[in-house]
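Residues per chain, in single letters:
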Amino acid sequence: MVKHILFDFDGTLVDSRALLVKLYNEMAVQHHFRPIRQQDLAALRSLTISERVERLGVPVLQIPKLLIAGRQLYQDHIRALQLVPGMKEVVSRLSAQGVRSSILSSNTGTNIRLFLRNHKLDGAFKDVISAKPIFGKHHAIRKVMKEWGTAPSRMVYVGDELRDIEACKKLGVPIIAVTWGYDSPRLLLSGRPDYLVHSPQELQRTLMSMLSYK
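Residues numbered from 1 in each chain as written. Predicted model: local features only at pLDDT ≥ 70, side-chain atom pairs only at ≥ 80, totals over all residues. Heavy atoms only, no water.

1. Here's the deal with the side chain of Asn107
Alright, step 1. Locating Asn107 in the fold gives a position in the loop between strand 2 (101-105) and helix 6 (109-118).
Alright, step 2. On the basis of relative accessible area, Asn107 is assigned to the buried category, the value being 6%.
Alright, step 3. A polar atom in the side chain of Asn107 sits 2.9 Å from the side chain of Asn111.
Alright, step 4. Setting aside residues no more than four positions away along its own chain, Asn107 makes contact with Phe9, Asp10, Arg71, Tyr74, Ile112 and Ser130. (Helix = DSSP H or I, 4+ residues; strand = E, 2+ residues; numbered from the N terminus. Buried < 20%, exposed > 50% of the residue type's maximum accessible area, 1.4 Å probe, protein only. Polar contact = N/O pair within 3.5 Å; in protein donor to acceptor, adjacent residues only side chain to side chain. Contact = heavy atoms within 4.5 Å.)

2. Some words on the environment of Ser46
Alright, step 1. Among the structural elements, Ser46 can be located in the loop between helix 2 (41-45) and helix 3 (49-56).
Alright, step 2. Exposure remark for Ser46: the relative accessible area of 40% places this residue in the partly exposed category.
Alright, step 3. In contact with Ser46, not counting residues within four places along its chain, are Ser184 and Leu187.
Alright, step 4. Of note is the side chain of Ser46, whose polar atom sits 3.5 Å from the side chain of Ser184.

3. Digging into the packing of aromatic side chains
Alright, step 1. Taken as a whole and assessed by the stated rule, the structure comprises two aromatic pairs.
Alright, step 2. Centre to centre, the rings of Phe7 and Phe125 are 6.3 Å apart; their planes meet at 90°, and the pair counts as edge-to-face. With a gap of 118 residues between them, Phe7 in strand 1 (residues 4-7) and Phe125 in strand 3 (residues 125-130) connect regions that are remote in the sequence. There is no split in this pair, since Phe7 and Phe125 are both buried.
Alright, step 3. The interplanar angle of 80° and the centroid separation of 5.5 Å between the aromatic rings of Phe9 and Phe115 together place this pair among those described as edge-to-face. (Phe/Tyr/Trp six-rings, centres within 6.5 Å; stacked < 30°, edge-to-face > 60°.)

Okay, here's the thing in structure tokens:
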């Protein structure tokens, strides 16, 4: 039976795609990268991160610096962000069942906690964990498992990107991939997630079945 739920933040709990595109385009002007147009979004969702970077002409060595700058700009706009419709009900249902989930994200702990306070959700999550390297989530998840003294089968991760699936597969942690986030359903399926859900209601049913299974 699953005892611990880890949620991704951007794209899974929070609808931040439009903001991240806006921030990227601001930096693209400054650094002379290719901007993201509205008509590009569907195609970009079907590409891996490496393929997106190549398509947009972003030098790989500049990515860490851009991420730091982007996270700082993100904080300036955080009050405008909203939860994905239906996700507050999912979190509330879990809390009502006595399940205190945690958040593990590539975003900063400061940004995440500020958002949670703004939406009166700061008591709904046990921990907020920042996985700083863009491809380092498996290291952060492994650290959490060690600190909590839990086996991979007792956890489940909920995320919206192929890299979430890949991180969980390295550790044997079950992964629920959601289709309303950054990566397309086809790209998510290529990683063979344990579950693929298309709505918060379907996610809630899947989580409740995993929590009750013995």
